[in-house]
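Structural features, examined
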Amino acid sequence: MKRQDGRGYDELRPIKITTDFVKFAEGSCLIECGDTKVLCCASVENRTPPHVPEGTGWVTAEYSMLPRANRERSRRDIAKLKLSPRSAEIQRLVGRSLRAAVDMAKLGEHTITIDCDVLQGDGGTRTASVTGGFIALALACRSLVESGALGSSPIRHFVTGVSAGIVDEQPLLDLQYSEDSRAQVDLNCVMNELGEIIELQGTGEGRAFTLNEQQELVRLCAKGNRELLAIQKEALGGRV
């Protein structure tokens, strides 16, 4: 199957990460995955939610798409007086994924909120939010160490996310919208730098899929996540 952008079946879209994209956030980056662009900003507060045990920290995320992030204007969540179900589901995914990267005891009584705002969506916005959100999180933790608020970084390991799917019976890595919109099977995979799976979301959009097909998609995602990990480390200067 020939892909619209000429990529091989197991190739990522071109990835670009610009750190410190926003002046005032404790950590920020713009992540560009092909034509998908997500702004990720990390904000630090010296308090934690009531449910968090004393002496430990918390990491959470919020996700939103700007009205013209897509081909047609969408209404802002605030205009509907509630978060859209899709945004709520994605921000829970991003929050869970990023919490897996952090030692909450070492973070201490700090809350780090990662805002992921989609400037332009062309498929893979949730996984781009995880990959870029980790960069913003790591930079915020670095700022806490540099300010003396923490003795060492609470980051335990890097976290990346990527999608794969089956389109016209062909497994493909990192679907863009023209592929994602007609995928028979769609899978999102979040992994740590050890190659361990943090979250796996697989859906039979057009048909059910087999365990062998799932494993093939996960293998594609593992390859993509290894490549994203190298890009993350370069963006962070090889350290958290």
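Everything below is about the structure shown above.
Residues numbered from 1 in each chain as written. Predicted model: local features only at pLDDT ≥ 70, side-chain atom pairs only at ≥ 80, totals over all residues. Heavy atoms only, no water.

Following both chains from N to C, one finds helix α3 (residues 125-146) and helix α5 (residues 211-235) inclined at 25 degrees, their axes separated by 11 Å at the closest point. Regarding the angle of α3 to α5, the classification is roughly parallel. The two elements α3 and α5 cross, and the hand of that crossing is right-handed. Contacts from T131, F134 and I135 of α3 reach α5 at L228, Q232 and A235. Among the residues forming the contact of α3 with α5, the class breakdown is four nonpolar, two polar and no charged. (Axes fitted to C-alpha atoms, helices over the stretch in contact; angles between N-to-C directions. Helix = DSSP H or I, 4+ residues; strand = E, 2+ residues; numbered from the N terminus. Parallel < 35°, antiparallel > 145°, perpendicular 65-115°, else oblique. Left-handed = near helix turned anticlockwise from the far one by under 90°. Contact = heavy atoms within 4.5 Å. Nonpolar A, V, L, I, M, F, W, Y, C, P; charged D, E, K, R; others polar.)

Attention now moves to empty space enclosed by the protein. Considering all chains together, one arrives at one cavity of 30 Å³ or more under this definition. Within this model, the largest cavity holds a volume of roughly 70 Å³. Residue lining of the largest cavity: 13 residues in total, with C33, G161, V162, D174 and L228 positioned closest to the centre. Of all the elements, α3 adds the most residues to the lining of the largest cavity, at three residues. (1 Å grid on protein atoms, 1.4 Å probe; cavity = no way out; pocket = protein on both sides within 12 Å on 5 of 7 lines; lining within 4 Å. Points joined across faces, edges and corners; volume = space filled by probe spheres on them.)

Strand order across the open sheet formed by five strands is β1-β2-β3-β5-β4, with mixed pairing between neighbours. Both edges of this open sheet fall to β1 (15-19) and β4 (58-65), since each of them pairs with a single strand only. The sheet shows a mean angle of 15 degrees between the axes of neighbouring strands, taken without regard to direction. Taken together, the seven bridges between strand β2 (residues 27-33) and strand β3 (residues 36-45) define a ladder with antiparallel strand orientation. Across the sheet, S28 pairs through a bridge with C41, a residue of β3. In the packing of helix α1 (residues 85-99) onto the sheet, contacts are made with β4 and β5 (111-120), and the angle to β4 comes to roughly 145 degrees. (Pairing = 2+ DSSP bridges.)

As for its placement among the helices and strands, G132 is situated in helix α3. If we ignore the near neighbours within four places in the chain, the residues touching G132 are C29, I31 and C40.

Let us look at α1. Residues lying three or four places apart along an α-helix face the same way, a consequence of the helix completing one turn every 3.6 residues. If you check α1, its first and last C-alpha atoms are 21 Å apart, about what 15 residues at 1.5 Å a residue would give, namely 21 Å. Each element contacted by the buried residues of α1 is listed here: β4, β5, α3, β6 (159-167), β8 (185-192) and β9 (197-204). (Expected span 1.5 Å × (residues − 1).)

To describe two helices that pack against each other, one gives the angle between their axes and the distance between the axes. Orientation of α1 relative to α3, taken along the N-to-C sense of each, is 40 degrees, at an axis distance of 10 Å. Relative to α3, the element α1 is oriented oblique. Relative to α3, α1 is oriented so that their crossing is right-handed. Residues R86, E89, I90, L93, V94, S97 and L98 of α1 lie in contact with α3, whose contacting residues are T125, R126, S129, V130, G133, F134 and L137. Within the contact of α1 with α3, the residues separate by chemical class into seven nonpolar, four polar and three charged.

Another point: the side chain of N225. Along the polypeptide, N225 turns up in helix α5. In this structure, N225 is in contact with T160, G161, V162, C189 and M191, ignoring residues within four places of it in sequence.

A volume near 460 Å³ is recorded for the largest pocket. In this structure, the largest pocket is lined by 24 residues; those nearest its centre are M65, N70, R86, T125 and R126. Elements supplying a minimum of two residues to the lining of the largest pocket: β4, α1, α3, α4 (177-180) and β8. Residues belonging to the lining of the largest pocket are distributed by class as follows: three nonpolar, 11 polar and 10 charged.

Before going further, it helps to spend a moment on the pattern of salt bridges. If you walk through the whole model with that rule in mind, you get 16 salt bridges. Here E179 and R3 are joined by a salt bridge, their closest N and O atoms 2.8 Å apart. With E179 in helix α4 and R3 in the segment before β1, this residue pair connects regions lying 176 residues apart in the sequence. One exposure class covers both E179 and R3, and it is buried. (Salt bridge = Lys/Arg side-chain N within 4 Å of Asp/Glu carboxyl O. Buried < 20%, exposed > 50% of the residue type's maximum accessible area, 1.4 Å probe, protein only.)

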